[in-house]
Amino acid sequence: MQSALTWNEPPLVHRENDWGPDFANDDRFTHEWWLEDGHFGPPSHQWRSYRLEDEEVARVLLSLRYVSHSPIPSPHALLIWSIEVREDLRQNGMRLGTTIVDQIAEEFSDREIYVGSIPGANGFWTTFGWPMCDCDDCRGRNMMVRHP
């Protein structure tokens, strides 16, 4: 069933004084996360709407031009800024979040991929086995990094 998991970039639309992604108003997502302003737009950032059988199941914000923290810096690092599986689909055995992160890791296999600590999500992130970033700036901030 996971093979049908696809994503698209929602268009950016004008809102009040700025631009933001045109995600559907869906109470099964944390609405405030997905109303960010347009400075999170291309080419530095990418909004993604993940779909399963034409139904939105998850949302992701990637920072495509993240600065590497490694002693020998990677020229192209990536930050998974936000990821949210729809509330009614979490912990139901479908492994949507895991599948999405695995797809991102495969798509960007030549880049370092960073994730920050999110209260309540550490159990999810530790399942990937990515090491903690040990640079001087990250100590105590609990960032994890997947090296290529």
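Presented here is an overview of the structure given in this document. In this text, all values refer to a predicted model and were calculated from it rather than measured experimentally.

### Quick look at the pattern of salt bridges
- Across all of its chains, the model carries eight salt bridges by this definition.
- Note that arginine 90 is salt-bridged to glutamate 84, the shortest N-O span being 2.9 Å.
- For arginine 86, the salt bridge is made with aspartate 88, and the minimal N-O distance between the two is 2.7 Å.
- Relative accessible area serves as the criterion here: at 42%, aspartate 88 is assigned to the partly exposed category.

### Regarding the nonpolar core
- In this structure, Ile80, Ile104, Trp125 and Trp130 are the most contacted members of the largest nonpolar core, which totals 26 residues.
- Listed by contribution, the elements that provide at least two residues to this core are strand 4 (45-52), strand 5 (55-66), strand 6 (77-85), helix 1 (96-107) and strand 7 (112-115).
- Sequence-distant contacts of isoleucine 80, that is, excluding residues within four places in its chain, are made with Leu61, Leu62, Val101, Ile104, Ile113, Tyr114, Val115 and Trp125.
- In this structure, Ala77, Cys135, Cys138 and Val145 belong to the second largest nonpolar core, which totals nine residues.

### As for the pairing of strand 6
- Summarising burial for strand 6: eight of the nine residues are buried, a large majority.
- Sheet topology places strand 5 next to strand 6; seven bridges connect them, and they run antiparallel. Counted as the bridge partner of leucine 62 is isoleucine 80 from strand 6.
- Here strand 6 pairs with strand 7 via four bridges, running parallel. Among the inter-strand pairings, leucine 78 is bridged to a residue of strand 7, identified as isoleucine 113.
- Handedness of the crossover joining strand 6 and strand 7 through helix 1 is recorded here as right-handed.

### Brief notes about the sheet that holds strand 4
- Reading across from one edge, 1-4-5-6-7-8 is the order of the six strands in this open sheet, with mixed pairing throughout. One side of each edge strand has no neighbouring strand; the edge strands of this open sheet are strand 1 (5-8) and strand 8 (144-146). Neighbour to neighbour, the strand axes of the sheet diverge by 30° on average, direction disregarded.
- With respect to the sheet, helix 1 is in contact with strand 1, strand 4, strand 5, strand 6, strand 7 and strand 8, its orientation differing from that of strand 6 by roughly 160°.

### Quick notes on helix 1
- Counted at 1.5 Å a residue, the expected span for helix 1 with its twelve residues is 16 Å, and the 16 Å between its end C-alpha atoms agrees.
- The set of residues buried in helix 1 consists of Leu96, Gly97, Thr98, Thr99, Ile100, Val101, Ile104 and Ala105.

### Considerations on unusual backbone geometry
- The phi dihedral of aspartate 54 is positive, around 65°, even though this residue is not glycine.
- Residue position: aspartate 54 is located in the loop between strand 4 and strand 5.
- One non-glycine residue, glutamine 91, adopts positive backbone phi at about 50°.
- With respect to the helices and strands, glutamine 91 occurs in the loop between strand 6 and helix 1.
- Residue glutamine 91 is classed as exposed on the basis of its relative accessible area of 86%.

### Looking at the pairing of strand 3 (residues 18-21)
- Relative to strand 3, strand 2 (residues 12-15) runs antiparallel, the two sharing four bridges. Following the sheet pairing, valine 13 is matched in strand 3 by glycine 20.
- With antiparallel pairing between neighbouring strands as the criterion, strand 2 and strand 3 make up a hairpin whose turn holds two residues, including glutamate 16 at a positive phi of roughly 45°.

Basis of the calculations
Residues numbered from 1 in each chain as written. Predicted model: local features only at pLDDT ≥ 70, side-chain atom pairs only at ≥ 80, totals over all residues. Heavy atoms only, no water. Salt bridge = Lys/Arg side-chain N within 4 Å of Asp/Glu carboxyl O. Buried < 20%, exposed > 50% of the residue type's maximum accessible area, 1.4 Å probe, protein only. Core = buried A, V, L, I, M, F, W, Y, C linked by side-chain atoms within 4.5 Å. Helix = DSSP H or I, 4+ residues; strand = E, 2+ residues; numbered from the N terminus. Contact = heavy atoms within 4.5 Å. Pairing = 2+ DSSP bridges. Right-handed = clockwise from strand over helix to strand, strands pointing away. Axes fitted to C-alpha atoms, helices over the stretch in contact; angles between N-to-C directions. Expected span 1.5 Å × (residues − 1).

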